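Here is what each chain is made of, one letter per residue.
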Protein chains: 4
Amino acid sequence: MNERMEHKSNRPRRDRLYEIIFEADTPAGKWFDIALIVVILLSVLTVMLDSVASIQARYGRWLYVLEWLFTILFTVEYILRLLCVGNIRRYATSFFGIVDLVAILPSYLNLVVFGTRYLLVVRILRVLRIFRILKLGQYTKEAGVLRAALYASRRRIVVFLCFVLTLVVIIGSLMYLIEGPTNSGFTSIPQSVYWAIVTLTTVGYGDISPQTPLGQFLASIVMILGYSIIAVPTGIVTVEWSQATMRKQPHARACPTCGAGGHDIDARYCKFCGADL
Amino acid sequence: MNERMEHKSNRPRRDRLYEIIFEADTPAGKWFDIALIVVILLSVLTVMLDSVASIQARYGRWLYVLEWLFTILFTVEYILRLLCVGNIRRYATSFFGIVDLVAILPSYLNLVVFGTRYLLVVRILRVLRIFRILKLGQYTKEAGVLRAALYASRRRIVVFLCFVLTLVVIIGSLMYLIEGPTNSGFTSIPQSVYWAIVTLTTVGYGDISPQTPLGQFLASIVMILGYSIIAVPTGIVTVEWSQATMRKQPHARACPTCGAGGHDIDARYCKFCGADL
Amino acid sequence: MNERMEHKSNRPRRDRLYEIIFEADTPAGKWFDIALIVVILLSVLTVMLDSVASIQARYGRWLYVLEWLFTILFTVEYILRLLCVGNIRRYATSFFGIVDLVAILPSYLNLVVFGTRYLLVVRILRVLRIFRILKLGQYTKEAGVLRAALYASRRRIVVFLCFVLTLVVIIGSLMYLIEGPTNSGFTSIPQSVYWAIVTLTTVGYGDISPQTPLGQFLASIVMILGYSIIAVPTGIVTVEWSQATMRKQPHARACPTCGAGGHDIDARYCKFCGADL
Amino acid sequence: MNERMEHKSNRPRRDRLYEIIFEADTPAGKWFDIALIVVILLSVLTVMLDSVASIQARYGRWLYVLEWLFTILFTVEYILRLLCVGNIRRYATSFFGIVDLVAILPSYLNLVVFGTRYLLVVRILRVLRIFRILKLGQYTKEAGVLRAALYASRRRIVVFLCFVLTLVVIIGSLMYLIEGPTNSGFTSIPQSVYWAIVTLTTVGYGDISPQTPLGQFLASIVMILGYSIIAVPTGIVTVEWSQATMRKQPHARACPTCGAGGHDIDARYCKFCGADL
């Protein structure tokens, strides 16, 4: 009976906890989210600074303490999430559920398995938790528009990527033939393809660069190509976006008399037949 | 009585001064603005040249004289602004009021505190005064459209920046694991994140570049990603802008009955009062 | 008679083969395409790895075996294509027909002519076969939209390229005059033009960079120019695309009387027959 | 009398010459233009190759002969233009008139003034003559649309450039303070501003790059800024262009019955009232 009572009084508390932790509509939920974001950013910063040799040498102890502080905080948070969520398995196997677990696991594993810097770097995935920010306010909708635009243009993106990859393979092979014998940078086709990607995307490290006149001529064409076809992904996103935004807008607002759509949000009369909207 | 007289004759002079200094509608105000812009650019150039060791060595004396000439000019201008403005406190605490003060203060402070090159560099903030140019003619409106478009798309920009930052943190950490042991450039996560930003934004200094095949492969993906997602900010601005411009456009077409503007090019009836257009 | 029988039973088998090899509407055809793409990618990878000295030294024998495996596979495929196609000459002289032949020829030629690494690199053109992927599903249409948009804007692209080429020639010559005497990078006009292209396209290798103040000033202008006029190809593609997409869009809205599509979203009467929509 | 006769028969010949040289509507005029473009490109190539030391050493004599061949060709062309043009002064002082003169003058001047490589490089301005290509076919219209779009957005471009210049001056000064004492690249403010331009425009030579953590942090912000605000010129051009294209399109086609515009080019009936167009 004690257990049932506890369960009873637990229900609303759990719901309220759920509201605070998983939602952002209440002030408490909003504050929780903001606090969480700050803690996440600080913990990511700690992991990053921990990898700097000079900082590690001087402040290593402090970073260690901070790291455990964040780990314990995230552990408590994870347990709370498990407690207040309706379907534990669904949460635990969801993307953010896994990220939440990955955020704390490496620190504990590090107690057992020593010296694995790979393990500690995994903690950087905490940064993914930042996307909980998108829960706040209007961000979900905006992220949705972005995702929809990307999804709608996925085929064009595949065509574009195919084209780019084919281009860099062929250009890389050509440059391997042209520059290969004399230039120490173009030693193999993969290396030349790497150069072609560096050039086509206008990154241009300069660690490998053509030396022969013919190589420089071909490189010039690649650069102008890269400079021009950057227009393609931009065009894809812009057009899709433009349409996604339009579709979202009140163009659905049809005139009840003549049936014509495309009315502005502030229109009171149909612009085609003059009837009330 | 003499004083009152002076005050009397001073009023319209002050108004006229205000017109010249703060506005650009009269020819005198226009010329004042153009002259001011030239002086500002010259003074910024002086500060810049003053930092070049060889020029400082040869023309240091001339630059010193010029600098004081500009300082006195700006001081006079600042006092005139204070005199002719209605609400002194409001002007003095406004953005441009502070910039105007910051433009002259370092030179005077330098008389008291010696050898502080930091202080002298502050004078470069004079360049901000150039934005008074936007007062001229149509520029205010254009700047307004730009600002409105940026404001309207602020949430998308936040989502985009979150995405980019998360990406560079994860990629940087991965590269730290892959290249770290062999490459002298990827010594810590912050350094690797810096490289990821240099690469994703297609800047590509080349001071740090991947050496291992796996590192180059990952770098290639980062480059193509950076090359593609540059489309996102472009798409955001273009779409917002397009709509901001459209909203601004058809204002010429006003309703003859109610006078309201903003009708579409294909509208036949006023959307506000329903009258024929 | 035996022969005729064989021929008889061969007909539908040939048609079915055609369906599998050349089309992607049947499950068998789809699977064939996917398998082909995998094999193509693997064979391209083999050619690329074969050019890496260290891999060639260790796994050269395996790569040789793999290479012949792919060559035989592609040869069988080529023969099957020749067998099941209606008009052999038309296929053999088509773009993909030639690519299919080029994909297998170098390996056989290499048996006769030795030591020609040029010959072996030609095999990389196999990557072009990947464009058969575009046959699958919606990709043909998307590629068509891309091609149409590029075709529609070909004149603007020519004007833009003329402008860019003129710009880099003039800037390159200017830099040759300015930097030439002191900078080891600007030894000739072609070299300086190469630098101008590297800079204008924002690639920026850094193997050649201006040293004199005047050269750096001019370079700054070139960079800002390059940063700005990248907007032109983007604008071209986006606008053309936007219109190509719009033209494609409202086809769903067909006239109930004459069946014609392509009506605007705000149309009330069919623009071809004048009937109510 | 002989003279008058010649003059008489000269008139139509002059008109015909004008048609061939200045216009591109007749087949002869088209062929003349194409031939001219080829000669211009070859002569520019000659000037460029002439500056390469190794080519000059081996083929100097041939280049000299070629150069004079082109000079004589252009001289004949220039004289013909002067002869057949109506208003000689107007042609001679027009942009292309001056370019035509500049294309031939350096070679003759070089006979008098020796050893001036500056003079010979001036000949590269011949490349500007290539813009006569825009006379052909549809190009004039396309170039006009480009020019109109740029002109319409000139104020936004000024605002954008002001913003960029202010940004690089302030960032450059900041980096001078941060990196100056330790980094050999940031020796003066102009040098640091140059670096800021190289970084903001995503060119990224890498000849100067930040070394301190704070400098790299600021550089990262500059890169992301540069990566994002490239959207602004693109947005400007795309939006202006989109509108310029729309304005050019048959939206002017108004319905004679209801007066509504915005009809497609293939519309036969008004989409709003159904009347014949």
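Residues numbered from 1 in each chain as written. Chains lettered and ligands numbered in written order. Predicted model: local features only at pLDDT ≥ 70, side-chain atom pairs only at ≥ 80, totals over all residues. Heavy atoms only, no water.

An unreviewed UniProt entry lists chain A under the name Ion transporter, with Anaerobaca lacustris given as the organism. What UniProt records for chain A under Subcellular location (unreviewed entry) is the sentence "Membrane". (UniProt positions renumbered as here; feature names shortened; annotations may be inferred.)

**Student:** Can you lay out the overall build of chain A for me, pointing to particular residues and giving the numbers?
**Tutor:** Looking only at helices and strands, one finds 12 helices and 0 strands in chain A. Reading the helices (α) and strands (β) of chain A from amino to carboxyl end gives α-α-α-α-α-α-α-α-α-α-α-α. The proportion of buried residues among the 277 residues of chain A is 49%. Just so you have it, chain A exposes about 13,800 Å², and 67% of that area is on carbon and sulfur atoms. (Helix = DSSP H or I, 4+ residues; strand = E, 2+ residues; numbered from the N terminus. Buried < 20%, exposed > 50% of the residue type's maximum accessible area, 1.4 Å probe, protein only. Areas by Shrake-Rupley, 256 points an atom, 1.4 Å probe, with all protein chains shown as cover.)

**Student:** For the UniProt feature "transmembrane region" (unreviewed entry) in chain A, give the residues involved together with the corresponding values.
**Tutor:** Residue and element names in this part refer to chain A. Listed under "transmembrane region" (unreviewed entry) in the UniProt record, and renumbered for this structure, are residues 31–50, 62–83, 95–120, 157–178 and 217–239. The annotated region residues 62–83 carries 100% helix and 0% strand content, and the separation between its end C-alpha atoms amounts to 32 Å. Taken as a whole, residues 217–239 contains 96% helix and 0% strand, while its terminal C-alpha atoms sit 34 Å from one another.

**Student:** With reference to specific residues and values, describe the pattern of salt bridges.
**Tutor:** All names here are of chain A. Taken as a whole and judged by the stated rule, the model has 28 salt bridges over all chains. Linking E77 and R81 is a salt bridge whose minimum nitrogen-to-oxygen distance equals 2.6 Å. Of the two residues, E77 and R81 are both situated in helix α3 (residues 53–84); the distance of 4 residues between them amounts to about one turn of the helix. Accessibility expressed as a relative area gives 0% for R81, which makes it buried. (Salt bridge = Lys/Arg side-chain N within 4 Å of Asp/Glu carboxyl O.)

**Student:** Run through the packing of helix α10 (residues 189–200) of chain D against helix α11 (residues 213–229) of chain D, naming residues and quoting values.
**Tutor:** All names here are of chain D. Taken N-terminus to C-terminus, the directions of α10 and α11 make an angle of 50°; their axes are 8 Å apart at the nearest point. By the criterion of interaxial angle, the relationship of α10 to α11 is oblique. Two secondary-structure elements touch here, α10 through W195, A196, T199 and L200 and α11 through A219, V222, M223, L225, G226 and I229. Residue composition of the contact of α10 with α11, grouped by class: 8 nonpolar, 2 polar and no charged. (Axes fitted to C-alpha atoms, helices over the stretch in contact; angles between N-to-C directions. Parallel < 35°, antiparallel > 145°, perpendicular 65-115°, else oblique. Contact = heavy atoms within 4.5 Å. Nonpolar A, V, L, I, M, F, W, Y, C, P; charged D, E, K, R; others polar.)

**Student:** Can you explain the packing of aromatic side chains? Please cite residues and give values.
**Tutor:** Residues and elements named next belong to chain A. By the definition in use, this model includes 16 aromatic pairs over all chains. Relative to Y91, the ring of Y78 has its centre 6.1 Å away and its plane inclined at 40°; by these criteria the two rings are tilted. Placement of the pair is Y78 in helix α3 and Y91 in helix α4 (residues 88–93), with a sequence separation of 13 residues. In terms of burial, Y78 and Y91 fall into one category: buried. Across from the ring centre of F74, 4.8 Å away, lies the NZ or CZ of R129, which sits over that ring. (Phe/Tyr/Trp six-rings, centres within 6.5 Å; stacked < 30°, edge-to-face > 60°. Lys NZ or Arg CZ within 6 Å of the ring centre and 35° of its normal.)

**Student:** Can you explain the nonpolar core? Please cite residues and give values.
**Tutor:** Judged by nonpolar contacts, the single largest core of 253 residues is most densely connected at A:W195, B:W195, C:W195 and D:W195. What C:W195 contacts, discounting residues up to four positions off in sequence, is C:I171, C:M175, C:F186, C:I208, C:S209, C:P210, C:A219 and D:Y205. (Core = buried A, V, L, I, M, F, W, Y, C linked by side-chain atoms within 4.5 Å.)

**Student:** Account for the packing of helix α9 (residues 154–179) of chain D against α11(D), naming residues and giving values.
**Tutor:** Each packed pair of helices is defined by two parameters, the angle between the axes and the distance between the axes. All names here are of chain D. Remark: α9 packs on α11, axes separated minimally by 10 Å, with the N-to-C direction vectors making an angle of 170°. With respect to each other, α9 and α11 are oriented roughly antiparallel. Within the contact between the two elements, α9 uses F160, F163, V164, L167, I171, L174, M175, I178 and E179 and α11 uses L214, G215, Q216, L218, V222, L225 and I229. Split into classes, the residues belonging to the contact of α9 with α11 amount to 13 nonpolar, 2 polar and 1 charged.

**Student:** With reference to specific residues and values, describe unusual backbone geometry.
**Tutor:** Residue and element names in this part refer to chain C. One non-glycine residue, T202, lies in positive phi territory at about 60°. Inspection of the secondary structure assignment puts T202 in the loop between α10 (189–200) and α11 (213–229). Residue classification places T202 among the buried positions, given a relative accessible area of 3%.

**Student:** Talk me through a negative patch on the surface; I want residue IDs and the actual numbers.
**Tutor:** Residues and elements named next belong to chain A. There is a patch of like negative charges on the surface, built from D15, E19, E23 and D25. Take D25: it is sitting in the loop between α1 (2–22) and α2 (27–50). Accessibility expressed as a relative area gives 69% for D25, which makes it exposed. (Patch = residues over 30% accessible without salt bridge, like charges linked within 9 Å, V, L, I, M, F, W, Y side chains within 5 Å. Lys, Arg positive; Asp, Glu negative; His and termini not counted. Charge placed at Lys NZ, Arg CZ, Asp CG, Glu CD.)

**Student:** Go over a nonpolar patch on the surface with me, naming the residues and quoting the values.
**Tutor:** Residues and elements named next belong to chain A. A contiguous nonpolar patch, built from Y64, I72, V76, L101, L105, Y108, L109, L111, V112 and V113 and spanning about 870 Å² of accessible area, is present on the exposed surface. Breaking the nonpolar patch down by element, the ones donating at least two residues are α3 and α6 (105–112). Considering each element in turn, the nonpolar patch owes the most residues, 5 residues, to α6.

**Student:** Outline the environment of A:N87, supporting the account with residue identities and numerical values.
**Tutor:** Residue and element names in this part refer to chain A. Following the sequence through the fold, N87 ends up in the loop between α3 and α4. Overall, N87 belongs to the partly exposed group, its relative accessible area being 44%. Among the polar contacts made by the side chain of N87, one reaches the main-chain amide nitrogen of R89 at a distance of 3.3 Å. (Polar contact = N/O pair within 3.5 Å; in protein donor to acceptor, adjacent residues only side chain to side chain.)

**Student:** I'd like to hear about the confidence of the model for chain A, residue by residue, with values.
**Tutor:** Residues and elements named next belong to chain A. For chain A, per-residue confidence averages 78 on the pLDDT scale, and residues scoring 70 or more make up 79% of the total. Least confident of the elements in chain A is α1, whose mean pLDDT is 62; most confident is helix α10 (residues 189–200), at 90. Under a pLDDT of 50 for its full length, residues 1–8 has, in the predicted model, 0 contacts with residues more than four places off or in other chains. Confidence over residues 249–253 falls short of pLDDT 50; this stretch has 15 contacts with residues more than four positions distant or in other chains. The ipTM assigned to the predicted complex is 0.80, against a pTM of 0.83. (pLDDT = per-residue confidence, 0-100.)

**Student:** So what's going on with the side chain of D:T71? Which residues, and what values?
**Tutor:** Residue and element names in this part refer to chain D. For T71, the location among the structural elements is in helix α3 (residues 53–84). Separated by 3.1 Å, the side chains of T71 and S107 make a polar contact. The residues contacting T71, other than those within four sequence positions of it, are I104, S107, Y108 and R126.

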